[in-house]
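# Architecture and fold: a report
Now for the letters of each chain:
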Amino acid sequence: MLKVSCIGCGLRGQRYLNGLASLGTDKVKIVSLCDKDLVRLSQEQEKYQLSDKDVYTDEDRFFANLKSDLCIVSTQDQDHVRHAIKAMKAGSDVLCEKPISDKESEIRKLLDIQKKTGKKVMICHVLRFAPAYKKVKKLIEDGAIGDLAFIDSIENVNYAHQAHSYVRGNWRRKEEASPMIIAKCCHDLDLLVWYTNSKCKSISSVGDLKFFKKENQPDGASDRCVNCKYRGTCPFDAYTIYIKNHFWGKEAVTNIRPITDEVLEKELETSPYGRCVFKCDNDVVDHQLTQIVFNNGIKANLRMSGFTYDAGRIMKFYGTAGQIDLDEGRGTIEIKVFGKEKEVVQISSLVDAISGHGGGDEGLVKATYEYITTGYTEGVTSLDASIESHLMGFAAEESRLSGGKLMEIKH
Ligand SMILES: NC(=O)c1ccc[n+]([C@@H]2O[C@H](COP(=O)([O-])OP(=O)(O)OC[C@H]3O[C@@H](n4cnc5c(N)ncnc54)[C@H](O)[C@@H]3O)[C@@H](O)[C@H]2O)c1
């Protein structure tokens, strides 16, 4: 029986708790929870029928009484290392949200403590566990397209998601969260490391915040959508995004459940998510282009854009004998071996339509359970394996800030 605790019972924490609990009462028991937000804490307490002594709003009391085998650390970006260290010192293995940290020194410290305590740390790079991404990995490993030469990777953030998370929301400021290349793109960088099966030799990057700033606010616009003359016509109007278009981010707008239109109407009057996208305190980039050379000679592009109509990643893999195109938006994997008819695989045939990150959330939960209980390690995003993507992100950000300078990564 795996005893599980969780600090940070927000959207991600709830998903992992739910995923682990659904493995069965004979396998997993949720034993304690911590969140500063009493509403969220009580909702989860009720779900897992915990007594008052097993739920905490104070992290020190939570860790002092920790009795779990696995602690989920799903607080915000800047808290992961502190919470993971406290959990390991209290004797627990850790499932830690990405990004690990935006500072190399903190990651090294975490690795050092992990080695000293002998605890396991799994990082939530969920896409490695999504069936579509696993299928492409297998095709490449089986030599379906010969020797891999180059990967072209596009991160279509989507304009509403950009506005929600990176302009109005939790990941809008790099000091409070992390730079975009770490916050959003550490998944993409991790996938590139996984597919190329190599460490990074050099990286360069350009990008900036072009659009979501006050000089681009339309004439006469208000600082909140509630009383703006462009309400209903501006594509970033919060009422259009959350109420008319039912954007998934509405779950972050309110803790009230069920989420009705009336609840959202009221919340958006005062919520950060009701602010004009041109009058927020955001500083993370809205587009960024990165070029990478790996130690084994494979090269990659990563293009991140908040200016996209579509959402979803596109990855194109070019090998000496063919090409594979994985397109989340279209929901297809195209296998194009030179001289043959192309084969099209529908991603929906590989995955349960209702699962998050294309089945990656569910896959990560199962892999974590196996990793912690049996040590099984296929595709595992352990701390060791996950560091490379972060080193690449730090170097890319340094390159971006110096106008695209080529950075060599020293390992
Ligand atoms: N793996 C992925 O694909 C993925 C996707 C989205 C977000 N994330 C990451 O997951 C993390 C959580 O994101 P989220 O969307 O769940 O955010 P969230 O704001 O919904 O949840 C975070 C929770 O942590 C709580 N919290 C913060 N500090 C705390 C403290 N000191 N003690 C106790 N509770 C505390 C907050 O009250 C909140 O309920 C972030 O680091 C984010 O970058 C990962």
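Being a predicted model, the structure only gives us computed values, none of them experimental.

Neighbouring the ligand are 26 residues; Gly8, Gly10, Arg12, Asp37 and Glu97 lie closest to it. When residues in the shell around the ligand are grouped by element, the largest group, three residues, is from helix 1 (residues 11-21). Residues that form the shell around the ligand fall into these classes: eight nonpolar, eight polar and 10 charged.

On to the domain arrangement of the protein chain, then. You can read the domains of the protein chain as domain 1 (2-119), domain 2 (127-212 + 282-408) and domain 3 (214-274). Averaged C-alpha coordinates put domain 1 and domain 2 at centres separated by 26 Å. Listed as interface residues are 22 residues of domain 1 and, on the opposing side, 23 residues of domain 2. If one sorts the elements of the side of domain 1 that touches domain 2 by residue count, helix 5 (residues 104-117) sits on top with five residues.

Right, let's get into the pairing of strand 14 (residues 343-346). Sheet topology places strand 13 (residues 332-337) next to strand 14; four bridges connect them, and they run antiparallel. If you follow glutamate 334 over to strand 14, its bridge partner there is valine 344. Two successive antiparallel strands, strand 13 and strand 14, enclose a turn made up of five residues, where glycine 339 displays a positive phi of approximately 80 degrees.

Time to look at the sheet that holds strand 1 (residues 2-7). The strand order across the open sheet built from six strands is 3-2-1-4-5-6, with neighbouring strands paired in parallel fashion. The open sheet is flanked by strand 3 (55-56) and strand 6 (121-123), the only strands paired with a single partner. Both strand 1 and strand 4 (residues 70-73) contribute to a ladder of four bridges, which runs parallel. Each residue of the ladder has a partner; that of cysteine 6, found in strand 4, is isoleucine 72.

A word on helix 14 (residues 383-401). Taking 1.5 Å per residue as the helical rise, helix 14 with its 19 residues ought to reach 27 Å, and the 27 Å between its terminal C-alpha atoms agrees with that figure. With respect to burial, helix 14 is a largely interior element, 14 of its 19 residues being buried. One or two positions beyond helix 14, positive phi appears at glycine 403, with a value near 80 degrees.

For the rest of this paragraph, the subject is unusual backbone geometry. Going from lysine 98 to proline 99, the amide bond is cis rather than trans, its omega being -10 degrees. With respect to the helices and strands, the residue proline 99 is situated in the loop between strand 5 (93-96) and helix 5. For the peptide bond that leads from arginine 257 to proline 258, omega is 0 degrees, which places it in the cis range. Position of proline 258 relative to the elements: it lies in the loop between helix 11 (250-253) and helix 12 (261-267). One non-glycine residue with positive phi stands out, namely glutamine 49, at about 50 degrees.

Turning our eyes to something else, we now look at the sheet that holds strand 10 (residues 299-305). Spatially, the nine strands line up as an open sheet ordered 14-13-12-11-7-10-9-8-15, and their pairing is mixed. Strand pairing shows two members of the sheet lacking a second neighbour, strand 14 and strand 15 (407-408), which therefore form its edges. Examined bridge by bridge, strand 7 (residues 148-156) and strand 11 (residues 312-319) share eight bridges and lie antiparallel to one another. Its bridge partner lying in strand 11, glutamate 155 is registered against arginine 313.

Once that is clear, we can look at helix 4 (residues 80-89). A large share of helix 4 lies buried, amounting to eight of its 10 residues. All buried positions along helix 4 are accounted for by His80, Val81, His83, Ala84, Ile85, Lys86, Ala87 and Met88. Of the surrounding secondary structure, the elements contacted by the buried residues of helix 4 are strand 1, helix 3 (59-64), strand 4, strand 5, helix 5 and strand 6. Directly after helix 4, the chain includes glycine 91, whose backbone phi takes a positive value near 95 degrees.

In strand 11, alternate side chains face the same way, and those of Arg313, Met315, Phe317 and Gly319 are buried while those of Gly312, Ile314, Lys316 and Tyr318 on the opposite face are not. Pairing of strand 11 with strand 12 (residues 322-327) involves six bridges; the strand directions are antiparallel. The partner of glycine 319 across the bridge, within strand 12, is glycine 322. In this structure, the hairpin formed by strand 11 and strand 12 is closed by a connection of two residues.

For the rest of this paragraph, the subject is the nonpolar core. Counting residues in each nonpolar core, the largest one holds 115 residues, and the members touching the most others are Val73, Ala84, Val94, Leu95, Cys96 and Val136. Ranked by residue count, the leading element in this core is helix 9 (residues 186-196), at seven residues.

It is worth spelling out the environment of valine 28 at this point. Looking at the element boundaries, valine 28 is found in strand 2 (residues 28-34). Other than its neighbours up to four places away in sequence, valine 28 contacts Leu2, Val4, Leu20, Ala21 and Leu23.

Mapped onto the elements, serine 92 comes out in the loop between helix 4 and strand 5. Judged by the 26 C-beta atoms lying within 10 Å of it, serine 92 is buried. Placed 269 residues apart in sequence, serine 92 and aspartate 361 show a C-alpha to C-alpha distance of 21 Å. In contact with serine 92, not counting residues within four places along its chain, are Ser5, Leu66, Ser68, Asp69, Leu70, Cys71, Ala87 and Lys119.

Interaxial distance between helix 9 and helix 14 falls to 8 Å at its minimum, and their mutual angle equals 120 degrees. It follows from the interaxial angle that helix 9 and helix 14 lie oblique. Every pair of crossing elements has a handedness; the one defined by helix 9 and helix 14 is right-handed. On the side of helix 9, the interface is formed by Cys186, Leu189, Asp190 and Val193, while helix 14 contributes Ser386, Glu388, Ser389, His390, Met392 and Gly393.

Cut-offs applied
Residues numbered from 1 in each chain as written. Predicted model: local features only at pLDDT ≥ 70, side-chain atom pairs only at ≥ 80, totals over all residues. Near = placed C-beta within 6 Å. Helix = DSSP H or I, 4+ residues; strand = E, 2+ residues; numbered from the N terminus. Nonpolar A, V, L, I, M, F, W, Y, C, P; charged D, E, K, R; others polar. Domains from an automatic or database assignment. Contact = placed C-beta atoms within 7 Å. Pairing = 2+ DSSP bridges. Expected span 1.5 Å × (residues − 1). Buried ≥ 20, exposed ≤ 12 C-beta atoms within 10 Å, placed from the backbone. Core = buried A, V, L, I, M, F, W, Y, C linked by C-beta atoms within 7 Å. Axes fitted to C-alpha atoms, helices over the stretch in contact; angles between N-to-C directions. Parallel < 35°, antiparallel > 145°, perpendicular 65-115°, else oblique. Left-handed = near helix turned anticlockwise from the far one by under 90°.

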